Amino acid sequence: MPDDSEPAPRTLREERTPSPMRRTIANRLQESYREAVHVTVSREVDAEALLAAADTAGVSILDVLLRTLSDALAAHPAFNATFEDDTHRLYEEHNVGVAVTIDDGLVAPVIPDVSNRSVDDIATERNRLTEAVQAGDYAMADLRGGTFTVSNLGPLGVDGFTPIINPPQVAILGVNRMQERARRGDDGDVTFRHTLPLDLSFDHRVVDGADAARFLGTLAEGVESATEYVDEG
């Protein structure tokens with residue numbers, strides 16, 4: 001019989017000292033939770049048009065989503081913003097950071113001025129930045145100037161999560177694994193449609209839950225008419 005008066009034995013396997021980048025990431029996450037009032041709202045959107053648009057353009061669904069996201073940011077500029085020194089700063093350009101996993105953690109290289117880019121151009125720039133940070137061949141300028149961030153865990157099979165705001169930004173969008181849902185049509189027949197779960201975390205100090213719901217509503221409308229973004233070139 002084990003001796004209940006003694007603690008369970010623990011054999012140390014290894015000790016790891018965080019790298020400078022990992023420490024920087026940890027400090028920024030701690031700063032985000034200490035400063036911002038995090039709230040997350042979620043919505044599942046119909047993704048059939050998004051899939052069709054990505055297939056037509058020969059890009060990923062994320063690239064098309066980034067273009068639709070830009071229109072949502074234009075309609076709700078309070079989210080394309082930063083908040084620091086008690087000042088809510090709204091920006092004209094939609095400089096969207098896209099989180100990328102590297103050995104030491106997570107970084108979010110910034111695609112500048114997404115609103116003035118075509119879907120093809122967004123895909124080209126996103127791929128260039130992703131390859132650069134994964135190879136360690138990037139400049140710090142590639143990580144700066146962001147006004148909003150997207151974190152895509154869908155390829156890793158995640159169905160939902162609470163993304164952490166990238167300070168001093170106001171919001172971040174989490175993208176999850178695409179689902180297939182049964183839907184009953186007007187004629188009573190059941191069809192299967194792809195849907196995409198989205199999680200929006202925002203700083204409640206400067207925007208409210210109703211604002212976030214309207215933002216996701218506008219984004220849903222864009223996703224559901226995504227083929228228009230491919231037609232526009």
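Further up the page is the structure itself.
Thresholds applied
Residues numbered from 1 in each chain as written. Predicted model: local features only at pLDDT ≥ 70, side-chain atom pairs only at ≥ 80, totals over all residues. Heavy atoms only, no water. Axes fitted to C-alpha atoms, helices over the stretch in contact; angles between N-to-C directions. Helix = DSSP H or I, 4+ residues; strand = E, 2+ residues; numbered from the N terminus. Parallel < 35°, antiparallel > 145°, perpendicular 65-115°, else oblique. Left-handed = near helix turned anticlockwise from the far one by under 90°. Contact = heavy atoms within 4.5 Å. Polar contact = N/O pair within 3.5 Å; in protein donor to acceptor, adjacent residues only side chain to side chain. Phe/Tyr/Trp six-rings, centres within 6.5 Å; stacked < 30°, edge-to-face > 60°.

Quick word on the packing of helix α2 (residues 48-57) against helix α3 (residues 61-75)
1) Next: Two numbers describe how α2 lies on α3: the axes approach to 8 Å, and their chain directions differ by 115°. Looking at the two axes, α2 sits roughly perpendicular to α3. As α2 runs across α3, the sense of the crossing is right-handed. Residues L50, L51, A53 and A54 of α2 form the contact with α3, whose own contacting residues are I61, V64 and L65.

Concerning the side chain of Q169
1) Next: Looking at the element boundaries, Q169 is found in the loop between β8 (148-152) and β9 (171-175).
2) Next: For Q169, the side chain forms a polar contact with the main-chain oxygen of G146, separated by 3.5 Å.
3) Next: Here the side chain of Q169 touches F148 through a polar contact of 3.4 Å, landing on its backbone nitrogen.

With respect to the packing of aromatic side chains
1) Next: Summed over the entire model, instances satisfying the criterion amount to two aromatic pairs.
2) Next: Taking the centre distance of 4.8 Å and the plane angle of 40° together, the rings of F79 and F215 count as tilted. Of the two residues, F79 is situated in the loop between α3 and β2 (81-84) and F215 in helix α5 (residues 209-224); the sequence distance between them amounts to 136 residues.
3) Next: Aromatic rings pair up to connect F79, F148 and F215 into one cluster.

Some remarks on unusual backbone geometry
1) Next: In this chain, P167 is followed by P168 through a cis amide linkage whose omega measures 5°.
2) Next: Relative to the helices and strands, P168 resides in the loop between β8 and β9.
3) Next: Even without being glycine, D85 reaches a positive phi, approximately 55°.
4) Next: Inspection of the secondary structure assignment puts D85 in the loop between β2 and β3 (87-90).

The quantities given are spatial measurements derived from coordinates; they are silent on function.
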